[in-house]
Protein chains: 2
Amino acid sequence: MFEFMTVRELYEMCLGGENQETDSLEYVELEGWVRTNRPSGKIGFIALNDGTYFRNCQVVYNEDNLDNFKETAHISTGSSVHVLGKLKLTPEAKQPFEIEATHIEIEGVCDEDYPLQKKRHSFEYLRDIPHLRVRGNTFFAIFRIRSILSMAIHEFFQSQGFVYVHTPIITGNDGEGAGEMFRATTIDNTKFEEDFFGKEAFLTVTGQLHVEAFAMAFRDVYTFGPAFRAENSNTTRHASEFWMIEPEIAFADLEDDMDLIEDMVKFCIDYVLENAPEEMKFFAERIDHDCINRITKVRNSHFVRMTYTEAINHLNKAIENGYKFENKVYWGMDLNSEHERYICEEVVKGPVFLTDYPKEIKAFYMRLNDDQKTVAACDLLVPGIGELVGGSQREERYDVLNQMMTEKGMSKETLQWYMDLRRFGGCKHAGFGLGFDRFLMYLTGIENIRDVEPFPRTPRNLKF
Amino acid sequence: MFEFMTVRELYEMCLGGENQETDSLEYVELEGWVRTNRPSGKIGFIALNDGTYFRNCQVVYNEDNLDNFKETAHISTGSSVHVLGKLKLTPEAKQPFEIEATHIEIEGVCDEDYPLQKKRHSFEYLRDIPHLRVRGNTFFAIFRIRSILSMAIHEFFQSQGFVYVHTPIITGNDGEGAGEMFRATTIDNTKFEEDFFGKEAFLTVTGQLHVEAFAMAFRDVYTFGPAFRAENSNTTRHASEFWMIEPEIAFADLEDDMDLIEDMVKFCIDYVLENAPEEMKFFAERIDHDCINRITKVRNSHFVRMTYTEAINHLNKAIENGYKFENKVYWGMDLNSEHERYICEEVVKGPVFLTDYPKEIKAFYMRLNDDQKTVAACDLLVPGIGELVGGSQREERYDVLNQMMTEKGMSKETLQWYMDLRRFGGCKHAGFGLGFDRFLMYLTGIENIRDVEPFPRTPRNLKF
């Protein structure tokens, strides 16, 4: 007689106007966790969440219908329960339905020292309990969107025939030569010839070099996996462990690369808005009022393309006109966040790709332009945060790559295999890197990377 | 006039019988790599692969139509080329079409010392060149299926509302207490208070403990990410780095768990057969003649469920009947591969879940059965390889878990957070672990784990 239903199924049924189904559905069985329990005299209300949907299900219980009314009235926040009851449509009310309980059973009680009580807690407090914070609205919303955005990435690339490559986490390369790395080891010293792999081993900072090898076989490939930086910097945008997406496309140049980035960003925005409407509404109400508006605008924008040199000219013109920047502006500099935001928010007033950066401030593998001074790189800047994606056409000419590696002091011994890709049927190719966690921050308006990672890792912070 | 086409598009068009389209398509543009080049007198044939499809595209070139015929005749295997030509349908031939080249341009030559020449190479030889081996048929097929199987996993779980959780790679827990772990470090000694995280940090061996916390909020969750074992064992089934899928379902018992495993395995088999037909055909022809037949049979089987105790009885009966095993059989033992295969291949003759193992040989978190001797665990055995998946219902009773951790000598200090999940609205729940690489081996018939990982990591072997 009682039909098992999830809260999501009930909402979809009651909101979807599939009356045929609700008509025949009278008695339902539910399981979930008590978000709040408000007994009042002979009646009580439980806000039940079963994990399947952002919104709670209201369970009404009445002394007349429930033999364990007193016990039920004492069920504490966080407890798990099993509910049998009658479905009642309430089209006039805020919730489209409620459950009139005929039976409520406690499955697991929640102890008194439960650290999540009704009142709001600071994000900082919650970071100390990453195993529990996901039960509150904000993190419940974040981590469902994290899952949905992951799927968006896979659907976008797979639907276009890209091959997903699990590039290695433990690597013998020291990456881009940029940034500190963790070592993976089983010894207590530096006699690496006695270590597990017989040599020094690191946790990867990028899968790009490895995935390039696969692009030379499959044409279009992507990675989506964890990466690591052992930098001792405590900012809101840096974590020691994070997830990266690194597509690589063969027979493609920087223009193709920017087309791909633009398509991907727009696809993901659409996907999240469509698949997490309740969660996004919550963020707009509670976290960042502008978030839906901001990403919808990006979704509907044409992404402008501007060279680094043009950007420098714009900045210099701004200074001439009396605009003040904290940092000096000159050709050859690495743009600061204030400069990026000025270009993006004041000049373009929308998403913009800056391209063709001075070779000195970019990585060794980026393709040298004919001017011999700049490389075919692009950074996508978006209003509100600045850089979201960084990409480049790769240097496919062996001699030029070799020369650039000399200039940048790269180890050719450990990267000979990478250089060899240029000797064995290499071709024009390009790719980019998207920091998944930062993308999630951008979409939701969450300002600290520690709050979009399930168990964040930062310097001197390793919780569980 | 020339329309850019991928080889996959051409095959789909010519095989799909969409004649309307091929009628209007006359001149095409292609890019790709030369698999073979066979010049012969005034004519030549290039087998072109552009990475998008398993099969090659035949490009015919003729001295009369090509001004660089001589140069073309010398294009070496592995080179990348740009081709313009006329599409010619050849419905009588092995390939449904060929390209009559009007223009062939070399984009990237392939040097003479290219290690992949026409003749077949041993898998062992190819393991030394993981950046190049993917260009040959076998690895080209493996790594596309790896990508397709990854997507199958995500589609299976996401379509049922499971939330994908990025459980951490660097962890302070020492996992199941089983197996050696890598440390992640930035120091050269063991003064861990001075290390990056201020304490000892490991590379994860399992995401299960962390993902259980998320199951207590989202009900149904899964991980899909890398895991590590620093075991010094050189077998064909162990790698130091591998990918794992670990679903966890709340309000669920061992029966629900086995239902989910069965559904997942069958979904993945269907998905791979449907999305990689050319690759699977290749494996059946060249690697493992039985592979399509074997997985199709599993697909159409009902997965039998049998207790460990019943299995021991079957084994003892076999011994009574004169069957010889290398290892002794007794209740309480960990089954050897020969025993598993006997049960699976001789008794059941199909996939079988063994359940309810002695608690002594299973992990601390598995739920103790009422007999106080066995735990609610299951191993899925499949014909040909034995164990494919291991799962269990989890111990949700704080006191029983506490007692089991004492018995197994687990560190309660670092796992208090995990135990606390039982104090704060815990519930009946279950989950399993699927070794992704082994699943891929099973589907394709590849026998060495080193040959299904893009850049395999094993003891004293860290290539690039």
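Note that the structure is a prediction, hence the values are computed from the model and not measured. (Residues numbered from 1 in each chain as written. Chains lettered and ligands numbered in written order. Predicted model: local features only at pLDDT ≥ 70, side-chain atom pairs only at ≥ 80, totals over all residues. Heavy atoms only, no water.)

1. Examining the pattern of salt bridges
Residues and elements named next belong to chain A.
Working step 1: All chains considered together, the criterion is met by 56 salt bridges over all chains.
Working step 2: The partner of Lys86 in a salt bridge is Glu26, with the nearest N and O atoms 3.8 Å apart. Taken together, the positions of Lys86 in strand S5 (residues 80-89) and Glu26 in the loop between helix H2 (19-24) and strand S2 (27-40) put the pair 60 residues apart, joining distant regions of the chain.
Working step 3: The class of Glu26 is partly exposed, set by a relative accessible area of 40%.
Working step 4: Among the ionic pairs, Asp270 bridges to Arg299, the shortest N-O distance being 2.7 Å. Placement of Asp270 in helix H7 (residues 254-275) and of Arg299 in helix H9 (residues 291-299) is noted, with a sequence separation of 29 residues between them.
Working step 5: Look at Asp270 and you get partly exposed, because its relative accessible area is 32%.
Working step 6: A relative accessible area of 27% places Arg299 in the partly exposed class.
Working step 7: The network of salt bridges with shared partners includes Glu255, Asp259, Glu262, Lys266 and Arg305. (Salt bridge = Lys/Arg side-chain N within 4 Å of Asp/Glu carboxyl O. Helix = DSSP H or I, 4+ residues; strand = E, 2+ residues; numbered from the N terminus. Buried < 20%, exposed > 50% of the residue type's maximum accessible area, 1.4 Å probe, protein only.)

2. What about the relation of the copies chain A and chain B?
Working step 1: Of the transformation superimposing chain A on chain B, the axial component is 0.0 Å and the angular component is 180°, with the fit at an RMSD of 0.0 Å. The transformation just described matches what one would write down for a two-fold rotation axis.
Working step 2: Looking at the interface residues of chain A, 100% of them are also at the interface in chain B, so both copies use one shared face. (Least-squares fit on C-alpha atoms with pLDDT ≥ 70 in both. Contact = heavy atoms within 4.5 Å.)

3. Digging into the environment of Ile449 of chain B
Residue and element names in this part refer to chain B.
Working step 1: Mapped onto the fold, Ile449 is located in the loop between helix H14 (436-444) and strand S18 (457-458).
Working step 2: Sequence separation between Ile449 and Val205 is 244 residues, and the spatial gap between their C-alpha atoms is 17 Å.
Working step 3: Apart from the residues within four sequence positions on either side, Ile449 is in contact with Thr236, Arg237, His238, Ala239, Asp437 and Met441.

4. Points about helix H8 (residues 277-286) of chain A
Working step 1: Regarding H8 of chain A, the residues found buried are Glu278, Glu279, Met280, Phe282, Phe283 and Ala284 of chain A.
Working step 2: Of the surrounding elements, those touching the buried residues of H8 of chain A are helix H5 (137-158), H7, H9 and helix H14 (436-444) of chain A.

5. Notes on the packing of H5 of chain A against helix H6 (residues 208-218) of chain B
Working step 1: Where H5 of chain A contacts H6 of chain B, the axes come no closer than 11 Å and their chain directions differ by 110°. The orientation of H5 of chain A with respect to H6 of chain B, classified from their angle, is roughly perpendicular. Of H6 of chain B, the residues touching H5 of chain A (which contributes Phe140, Phe143 and Arg144 of chain A) are Phe214, Ala217 and Phe218 of chain B.
Working step 2: Tallied by class, residues from the contact of H5 of chain A with H6 of chain B come to 5 nonpolar, no polar and 1 charged. (Axes fitted to C-alpha atoms, helices over the stretch in contact; angles between N-to-C directions. Parallel < 35°, antiparallel > 145°, perpendicular 65-115°, else oblique. Nonpolar A, V, L, I, M, F, W, Y, C, P; charged D, E, K, R; others polar.)

6. Brief notes about the confidence of the model for chain A
Working step 1: Scored by pLDDT, chain A comes out at a mean of 95, with 97% of its residues at no less than 70.
Working step 2: Complex prediction metrics read pTM 0.97 and ipTM 0.97. (pLDDT = per-residue confidence, 0-100.)

7. Thoughts on the interface of chain A and chain B
Working step 1: Each partner contributes to the interface: chain A provides 105 residues, whereas chain B provides 105 residues.
Working step 2: Of the roughly 8600 Å² buried between chain A and chain B on both sides combined, carbon and sulfur atoms contribute 63%.
Working step 3: For chain A, the biggest contributors to the area lost against chain B are His166, Phe196 and Phe424 of chain A; these three give 9% of the whole.
Working step 4: Summed over the shared surface of chain A and chain B, the number is 8 salt bridges.
Working step 5: For the pair chain A and chain B, the interface holds 41 residue pairs in polar contact (both at pLDDT 80 or more).
Working step 6: Bridge analysis of strand S9 (residues 183-185) of chain A against strand S9 (residues 183-185) of chain B gives 3 bridges, and the strand direction is antiparallel. (Buried area = accessible area lost by both parts, 1.4 Å probe. Polar contact = N/O pair within 3.5 Å; in protein donor to acceptor, adjacent residues only side chain to side chain. Pairing = 2+ DSSP bridges.)

8. A word on the sheet that holds strand S15 (residues 374-382) of chain B
All names here are of chain B.
Working step 1: One open sheet holds the 8 strands; their spatial order is S7-S11-S12-S17-S16-S15-S14-S13, and the pairing between them is mixed. Bordering the open sheet on either side are strand S7 (163-164) and strand S13 (304-307), each of which pairs with just one other strand.
Working step 2: Sheet analysis places S15 next to strand S16 (residues 386-393), joined by 6 bridges and oriented antiparallel. Among the inter-strand pairings, Asp379 is bridged to a residue of S16, identified as Gly390.
Working step 3: Across the sheet, helix H10 (residues 308-320) is in contact with S13 and strand S14 (352-358); its angle to S13 comes to roughly 85°.

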